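Understanding the architecture of this molecule
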Amino acid sequence: MSLRRLIDRPLRQKVVALGVTSLLITSTLVSVAHAAVTSPTLKLMAPSEEITMWRYGRGQPVYMDLGFSIGALDAPFELLAQRPDYAGPQTLTQVLYGPGAERELRTLDPALLDGWNGLKEFFSIVFVNADGDTIVDTKMEFCPGGYTRERLNDNGPNIPAYPSGCYSNPFTKGVVWGIDEGWAVASSSVEPPLLDIPNGHYTATVSINQTFVDLFAIAPSDASAQIPVRIRTMTEGGCGRGCGLGTRTNSQSSRQQAQAVPTETSPSQDVLPDLIALPSWGINVENRKTRSLLTFGATVWNGGASDLVVEGFRRDGEAVMDGFQYFYDGDEVVGKAPAGDLIYDDRDGHQHWHFKQFAAYSLLDADGNEVRVSRKEAFCLAPTDAIDMTLPNAEWNPGAIGLYTACGGQSSIWTREILPLGWGDTYFQGLPGQSFYITNLPNGTYFIKVEANPGELLYEQTAANNVELREIVISGPAGKRKVEVPPWNGIDTEEGVGKGRG
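Keep in mind that this is a model prediction, so the values were computed, not measured.

The rules behind the values
Residues numbered from 1 in each chain as written. Predicted model: local features only at pLDDT ≥ 70, side-chain atom pairs only at ≥ 80, totals over all residues. Heavy atoms only, no water. Helix = DSSP H or I, 4+ residues; strand = E, 2+ residues; numbered from the N terminus. Buried < 20%, exposed > 50% of the residue type's maximum accessible area, 1.4 Å probe, protein only. Contact = heavy atoms within 4.5 Å. Core = buried A, V, L, I, M, F, W, Y, C linked by side-chain atoms within 4.5 Å. Salt bridge = Lys/Arg side-chain N within 4 Å of Asp/Glu carboxyl O. Pairing = 2+ DSSP bridges. Axes fitted to C-alpha atoms, helices over the stretch in contact; angles between N-to-C directions. 1 Å grid on protein atoms, 1.4 Å probe; cavity = no way out; pocket = protein on both sides within 12 Å on 5 of 7 lines; lining within 4 Å. Points joined across faces, edges and corners; volume = space filled by probe spheres on them. Nonpolar A, V, L, I, M, F, W, Y, C, P; charged D, E, K, R; others polar. Phe/Tyr/Trp six-rings, centres within 6.5 Å; stacked < 30°, edge-to-face > 60°. Lys NZ or Arg CZ within 6 Å of the ring centre and 35° of its normal.

Focus: the overall build of the chain
Helix and strand counts for the chain stand at four helices and 32 strands. Going through the 502 residues of the chain one by one, you find that 50% of them count as buried. Here the contacts in the chain between residues at least 6 apart in sequence split such that 72% fall between residues at least 24 apart.

Structure, rendered in structure tokens:
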């Protein structure tokens, strides 16, 4: 059973009916149906007992993870953040729902946004020690998608409809954040703030800032809570910075493929993905003793009509799988086509199956001549970056429907790799051979070329957007090479790295 059938209200009719242009509204509240809608009741929910925050090693700071949540009662809480194009500003819209398919759109001030990370300075947090002294007074953003979700009652859907977390990269165009009715999301960000305060007992007061209390009509009694906190040091075992942060999932999908799927050589545009290359970002130079390497990141995303679904079936006695692209019309498999090979990578840090025909990277000179080629050619597809959740039928919660990436293991005889609609997969090329060797390249202007579907083995809606170039300027003598990365359409993807360092 798919997520679409499990959801108990018409929540997933959402963006399809709204459309991107209709979201660019100017009034404060726009009715798109005549029936009344319901504003969600937001409530700050905190543990009643003492929270222990662990310090992983003497002298180390602690993560400020206080265990409080924001719950949505009476109706779902939904926000859309987007930009009409890469040159335009962000917009922020609240979507209100009625008991049927009724919706109203409420335009909010985009100054409330912390980029794509959520709502800026949503919480105020104050720590008081046992002597009554205030030792921490800070603010924290709120990701309405939440990285941990829990059910409050059975009034809402059985499975959350909204994306988990606030995912983005420099080229994100639209995101959907939400809390389902009858659910609560944890307040902490993907990497909670660090506190450098002594071990001991404290009282933390968490408050929703007044701007948001007024904006979302939150009752004062539901907008603040006190939390007893104890800070201790983990003396044995444990892990350091980054402990417990998420990684790609490698679990096998439980969804079963239809038998005897017909081969389709002319699939309809309505069932095809569209692989779109984005400009390279996260660009830097590593100067080593005898060589200089240009490292970079690259994202290819799916902006078409359906998920990209690739399955591999292992050949007898070989570490090779025959790959097939499957075409879905909603939940139904309507066809397949050969899609090259999947190979097993047994190197340290990999040990899973790679799909070979996804993307290619090269370095061009100012005249467009190829001067370097990255040897990166194999991928384990996964939705790492939300690029546009406002696309019609974009998959908000890809992990929940059982149709998600499985990279497999050494003994696997089958694997399925997915790039859901609206999502991108980002890889960073930092290894020799995958990064570009620039030790002796002349100073000057170059372009990093990112190409999606380079062998054109995958069926997609168009190949017109498969190539994107990113201008860079290489300078400096041998052993001290530098790179400057001009903004792309006004977007400075290397902000904070430092001019001349990439």
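There's plenty left to go through after this.
Examining the nonpolar core
Membership of the largest hydrophobic core comes to 48 residues, with the highest contact counts inside it found for Leu294, Phe358, Tyr361, Leu363 and Ile472. With sequence-adjacent residues up to four places away left out, Tyr361 is seen in contact with Phe296, Ala298, Val373, Ser374, Lys376, Phe379, Tyr427, Gln429, Phe436, Lys449 and Val450. In this structure, Met53, Val62, Phe68 and Ala223 belong to the second largest nonpolar core, which totals 47 residues.

Structural notes on the pattern of salt bridges
The full count for this structure, using the stated rule, is seven salt bridges. One salt bridge connects Asp322 with Arg315, and the closest N-O pair in it is separated by 2.8 Å. The exposure class of Asp322 is partly exposed, given its relative accessible area of 28%. Assessed through its relative accessible area of 28%, Arg315 is described here as partly exposed. A salt bridge links Arg315 to Asp341; its shortest N-O distance comes to 3.2 Å. Residue Arg315 is located in the loop between β20 (308-314) and β21 (320-329), and its partner Asp341 is located in strand β22 (residues 332-345); the two are separated by 26 residues in the primary sequence. One salt-bridge network, held together by shared partners, links Arg315, Glu318, Asp322 and Asp341.

A few points about the sheet that holds strand β24 (residues 359-365)
Strand order across the open sheet formed by five strands is β25-β24-β30-β31-β32, with antiparallel pairing between neighbours. Every other strand in the sheet has two partners, leaving β25 (370-373) and β32 (482-484) as the edge strands with one partner each. Put simply, the sheet's adjacent strands are angled 35 degrees from each other on average, direction ignored.

Re the pairing of strand β5 (residues 69-73)
Within β5, four of the five residues are buried, which leaves the element mostly enclosed by the surrounding structure. Two strands pair when backbone bridges link them, and strand β2 (residues 41-45) and β5 are joined in this way by five bridges, in the antiparallel orientation. What sits directly across from Met45, in β5, is Ser69. Pairing of β5 with strand β13 (residues 183-186), which is carried by four bridges, proceeds in the antiparallel orientation. Directly across from Ala72, in β13, lies its bridge partner Trp183.

Focus: the side chain of Gln429
Among the structural elements, Gln429 can be located in strand β28 (residues 423-429). Overall, Gln429 belongs to the buried group, its relative accessible area being 1%. Ignoring sequence-local partners within four residues, the contact set of Gln429 consists of Thr295, Phe296, Tyr361, Lys376, Gln434 and Ser435.

A few points about the sheet that holds β5
Strands belonging to one sheet form pairs held by backbone hydrogen bonds; the direction of such a pair is parallel or antiparallel. One open sheet accounts for four strands, arranged β2-β5-β13-β11; its pairing is antiparallel. At either margin of the open sheet sits one strand with a lone partner, and together these are β2 and β11 (149-151). Neighbour-to-neighbour, the strand axes of the sheet open up by a mean angle of 25 degrees, direction not taken into account.

A closer look at empty space enclosed by the protein
Under the counting rule described, the total for this entry stands at one cavity of 30 Å³ or more. Of the volumes computed, that of the largest cavity is approximately 40 Å³. Residue lining of the largest cavity: Pro163, Gly165, Cys166, Tyr167, Val175, Val176, Trp177, Ala386 and Met389, and that is the complete set. For the lining of the largest cavity, the leading source of residues is strand β12 (residues 174-179), giving three residues. Grouping the constituent residues of the lining of the largest cavity by class yields eight nonpolar, one polar and no charged.

Remarks on the pairing of strand β7 (residues 91-97)
The element β7 is extensively covered by neighbouring structure, given that six of its seven residues are classed as buried. As paired elements, strand β6 (residues 77-82) and β7 share five bridges and run antiparallel to each other. Residue pairing across strands places Ala81 opposite Leu92, the latter belonging to β7. Here six bridges tie β7 to strand β8 (residues 103-108), and the two strands are oriented antiparallel to one another. By the bridge assignment, Thr93 is partnered in β8 with Thr107. Between β7 and β8, which follow one another and run antiparallel, lie five residues.

Some details on the environment of Ile448
Along the polypeptide, Ile448 turns up in strand β30 (residues 444-452). Relative accessible area serves as the criterion here: at 0%, Ile448 is assigned to the buried category. When the C-alpha atoms of Ile448 and Leu364 are compared, they prove to be 6.4 Å apart, with 84 residues separating the residues in sequence. Not counting residues within four places of it along the chain, the set of residues in contact with Ile448 comprises Ser280, Ile283, Leu294, Phe296, Ser362, Leu363, Phe436, Glu468, Leu469, Arg470 and Ile472.

Let's talk about the packing of aromatic side chains
Scanning all chains against the criterion turns up 21 aromatic pairs. The interplanar angle of 65 degrees and the centroid separation of 5.3 Å between the aromatic rings of Tyr86 and Trp488 together place this pair among those described as edge-to-face. Of this pair, Tyr86 sits in the loop between β6 and β7 while Trp488 sits in the segment after β32, and the two are 402 residues apart along the sequence. With respect to burial, Tyr86 and Trp488 carry one shared label: buried. Considering the side-chain rings of Phe296 and Tyr361, the 5.5 Å spacing of their centres and the 85 degrees angle between planes classify their relative orientation as edge-to-face. You can see Phe296 sitting in strand β19 (residues 292-302) and its partner Tyr361 sitting in strand β24, a full 65 residues away along the chain. In this structure, Lys336 packs its charged tip against the face of Phe324, placed 5.2 Å from the ring centre. Over the face of the ring belonging to Phe379 we find Lys376, whose NZ or CZ atom lies 5.0 Å from the ring centre.

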